[in-house]
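Structural description and commentary
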Amino acid sequence: MARILFSVPPLTGHLNPALAVAECLVEQGHQVAWAVHAKQIRDKLPPRAWVYPLDAEDADGPGIADPKVRGLESVRLFFEDYTLPIAERMLQPLEASARSFQPDVMVVDHQLPGGALVARKLGLPWASFVTTTASILKMSPMVDAWVANQYRALQGRYLPAELIVERPDFSPHRVLVFSTETLMGDAHARVEAPYRFVGPAKGDGRRKVDFPWDWFQADKKKLLISLGTVSRDRDTRFFEVMMAALAELPEVQAVMVAPESLAAQAPANVLVRDYVPQLELLDRVDAVICHAGHNTVCEALSRDLPLAVAPIRDDQPVIARQVIDAGAGLFIRHGKVSPAVAKATIEKLLSTPELVANARRLGADLRAAPGAAGAAEAVLELAQQASEPSLRKVA
Amino acid sequence: MSSHQEQVLALVIDKIRATVNEDWIADFDIGLETRFNDDLELESIEFVKIADAIQAHYGNQLAIIAWLSGKSIHELIGLSVGDLVDYIAGTLAPAQA
């Protein structure tokens, strides 16, 4: 039996893959513990999970600083106002948790650098979980240098000089990427690291959501429209434009994940819900319009569905570009799209065989990847090596 | 603004409209204060295309991408049409614009 300590940020897109991998490990009889921001995500963990809270001293848990920013500015704020302050505050409680739990191996999300620094300081074997391929690509020398500077300052306050590296977020032992190389493409060089591409986690473990399935009509084409959990309540313009376009496309039915206050103005062929059973819906629709969130993109392509992508922030412009370059998606400019362009895009999305053919090609690849089971196997390999003294210096 | 700058601004606006080539951009009010990230929602890949179109017009005295690589992340986020116009107008001799 191996002892495995998970540390991930309290964000849906990062937590879901970790939950699926942890479930595999527990089923095989291994001991899993979670060092997390328990105030925000305790209810999303398994009922009997072993939890070390990282936020006991925080009045409120960390929140995404400004949900309204877009593009590169959201990347800057995500680092400056979210990732780095969380890292500073979690170093001491996580180090204490790790010394108490005595893990054979740690699993650390790549956007929780506090976890990476503790694993490095204690000399523990650890795996990085990468939940979006945008993070492993060299996008521009200026942004890469800025990221390295942010990390250098953080490390300097906690690690001895000889342990400081350019990218402390990537484990020198194993970096598990929840995507495929086919989807990622080769438009950009990668940061050097010991990658293994395991594809989407595929595990579920999410809460059940009611849905009026009899609303669907057999003779209609069906769409799912979602901007994800962070941007859903950003503003209503995009949703209003989609509704105006769909009002003129009665042969299409669309489920739109949006504030339910919009339901009153929705045409008869648009169903507005503020939360949906996304995986079950993806099994029923013909195409997806979304923000190019990494999980939603992989879940849609895994079902051979073409996408129209309207990226807003964070990694979304990079993932949107991957989908478009692979020939499986169309671009929508989130804040500018007009009803006429939206209507033309929807018509093209539902009538272009090449988009479906490329979605199928990517889908076959995503389905063939080992997912959570492959990630669990890689984590256990590290745990087994942990008995070799060279890999285990302090803890 | 000098007439030299005005000519550069008109050319930059023209290249932005031609490169984006979507319905909204034709009527969108573009001026010196217009920001590429916030106001135009342009991705970096699109900015590069606009830069290429401008350089194709003026020739190789300009090195827009090299100029950009000297910017900080804060400058890049706030980059405006006026910043680009200032660089182009400052680099080119007035007679060429």
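Residues numbered from 1 in each chain as written. Chains lettered and ligands numbered in written order. Predicted model: local features only at pLDDT ≥ 70, side-chain atom pairs only at ≥ 80, totals over all residues. Heavy atoms only, no water.

For chain B, the name recorded in an unreviewed UniProt entry is Acyl carrier protein, with Stagnimonas aquatica as its organism.

Within an unreviewed UniProt entry, the label attached to chain A reads Glycosyltransferase, and the organism entered is Stagnimonas aquatica.

Residue and element names in this part refer to chain A. Read from one edge to the other, the open sheet built from six strands follows the order 10-9-8-11-12-13, with strand pairing classed as parallel. Lying at the two open borders of the sheet, with one neighbouring strand each, are strand 10 (270-273) and strand 13 (329-331). Looking at each pair of strands side by side, their axes are set apart by 20° on average, direction ignored. Relative to strand 11 (residues 287-290), helix 12 (residues 339-349) is tilted by about 145°, and along the sheet it contacts strand 8 (221-226), strand 11, strand 12 (307-309) and strand 13. (Pairing = 2+ DSSP bridges. Helix = DSSP H or I, 4+ residues; strand = E, 2+ residues; numbered from the N terminus. Axes fitted to C-alpha atoms, helices over the stretch in contact; angles between N-to-C directions. Contact = heavy atoms within 4.5 Å.)

Our next topic: the side chain of A:Q111. Residues and elements named next belong to chain A. You can see Q111 is positioned in the loop between strand 4 (105-109) and helix 4 (113-122). For Q111, the side chain forms a polar contact with the side chain of H14, separated by 3.2 Å. Excluding residues within four positions of it along the chain, Q111 makes contact with P9, H14, F78, T83 and S135. (Polar contact = N/O pair within 3.5 Å; in protein donor to acceptor, adjacent residues only side chain to side chain.)

Attention shifts here to the environment of A:N269. Residues and elements named next belong to chain A. By the element assignment, N269 lies in the loop between strand 9 (252-257) and strand 10. Classification of N269 by relative accessible area gives buried; the value is 10%. Among all residues touching N269, those that are not within four sequence positions of it are W215, L246, A247, L249, P250, V252, Q253 and A254. In terms of polar contacts, N269 uses its side chain to reach the backbone carbonyl oxygen of V252, at 2.9 Å. (Buried < 20%, exposed > 50% of the residue type's maximum accessible area, 1.4 Å probe, protein only.)

As a further point, take the interface of chain A and chain B. Residue-level contacts link 17 residues of chain A with 21 residues of chain B. Each partner contributes to the roughly 1800 Å² buried at the junction of chain A and chain B, and carbon and sulfur atoms together form 54% of this total. When the area that chain A buries against chain B is broken down by residue, the three leading residues are A:R70, A:R333 and A:K336, summing to 42%. Our count for the chain A to chain B interface comes out at three salt bridges. For the pair chain A and chain B, the interface holds nine residue pairs in polar contact (both at pLDDT 80 or more). (Buried area = accessible area lost by both parts, 1.4 Å probe. Salt bridge = Lys/Arg side-chain N within 4 Å of Asp/Glu carboxyl O.)

Residues and elements named next belong to chain A. Along strand 2 (residues 31-36), five of the six residues are buried, which leaves the element largely enclosed by surrounding structure. Once the chain exits strand 1 (residues 3-7) it traverses helix 1 (residues 12-27) before rejoining the sheet at strand 2, and the crossover so formed is right-handed. Strand direction decides the pairing type here: strand 2 and strand 3 (residues 50-53), joined by four bridges, are parallel. Residue A35 lies in a different strand from strand 3, and its bridge partner there is Y52. (Right-handed = clockwise from strand over helix to strand, strands pointing away.)

Nonpolar side chains tend to gather and get buried jointly when the protein is soluble and globular. B:I16, B:I54 and B:I88 are the most contacted members of the largest nonpolar core, which has 68 residues in total. The element contributing the most residues to this core is helix 3 (residues 71-101) of chain A, with 11 residues. What B:I88 contacts, discounting residues up to four positions off in sequence, is B:V8, B:V12, B:I54, B:Y58 and B:L62. Judged by nonpolar contacts, the second largest core, of 34 residues, contains A:V32, A:W34, A:F178 and A:A376. (Core = buried A, V, L, I, M, F, W, Y, C linked by side-chain atoms within 4.5 Å.)

Moving on: helix 13 (residues 353-368) of chain A. Compared with an ideal rise of 1.5 Å per residue, which puts 16 residues at 22 Å, helix 13 of chain A spans 23 Å between its outermost C-alpha atoms and is within 8% of the ideal. As for helix 13 of chain A, its buried residues are in contact with helix 6 (181-184), helix 10 (294-301), strand 13 and helix 12 of chain A. (Expected span 1.5 Å × (residues − 1).)

Residue and element names in this part refer to chain A. Strand order in the open sheet formed by seven strands is 3-2-1-4-5-6-7, with parallel pairing between adjacent strands. A single partner strand is all that each edge strand has here, and the edge strands are strand 3 and strand 7 (195-197). Pairwise comparison of adjacent strand axes, ignoring direction, gives a mean angle of 25° for this sheet. On the sheet, helix 1 packs against strand 1, strand 2, strand 4 and strand 5 (126-130) and is oriented at approximately 160° with respect to strand 2.

A few words now on the packing of helix 3 of chain A against helix 5 (residues 141-156) of chain A. All names here are of chain A. The contact between helix 3 and helix 5 brings their axes to 11 Å, and the two run at 15°. The angle between helix 3 and helix 5 falls in the class roughly parallel. You can see that helix 3 and helix 5 cross each other, and the crossing is right-handed. Counting all contacts with helix 3, which are made through L72, V75, R76, F79, E80, L84, A87 and E88, the residues of helix 5 involved are V143, W146, V147, Q150, Y151 and L154. (Parallel < 35°, antiparallel > 145°, perpendicular 65-115°, else oblique. Left-handed = near helix turned anticlockwise from the far one by under 90°.)

Now for the pattern of salt bridges. Residues and elements named next belong to chain A. Applying the stated criterion across every chain yields a total of 18 salt bridges over all chains. In this structure, R167 engages D169 in a salt bridge whose closest nitrogen and oxygen atoms are separated by 3.0 Å. Taking the shortest distance from any N to any O, the salt bridge between R321 and D325 comes out at 3.9 Å. Taken as a pair, R321 and D325 lie in helix 11 (residues 316-325) at a separation of four residues, close to a single helical turn. Here D325 falls in the exposed class, since its relative accessible area comes to 53%. Three or more residues are tied together by salt bridges with common partners; here these are E73, R76 and E80.

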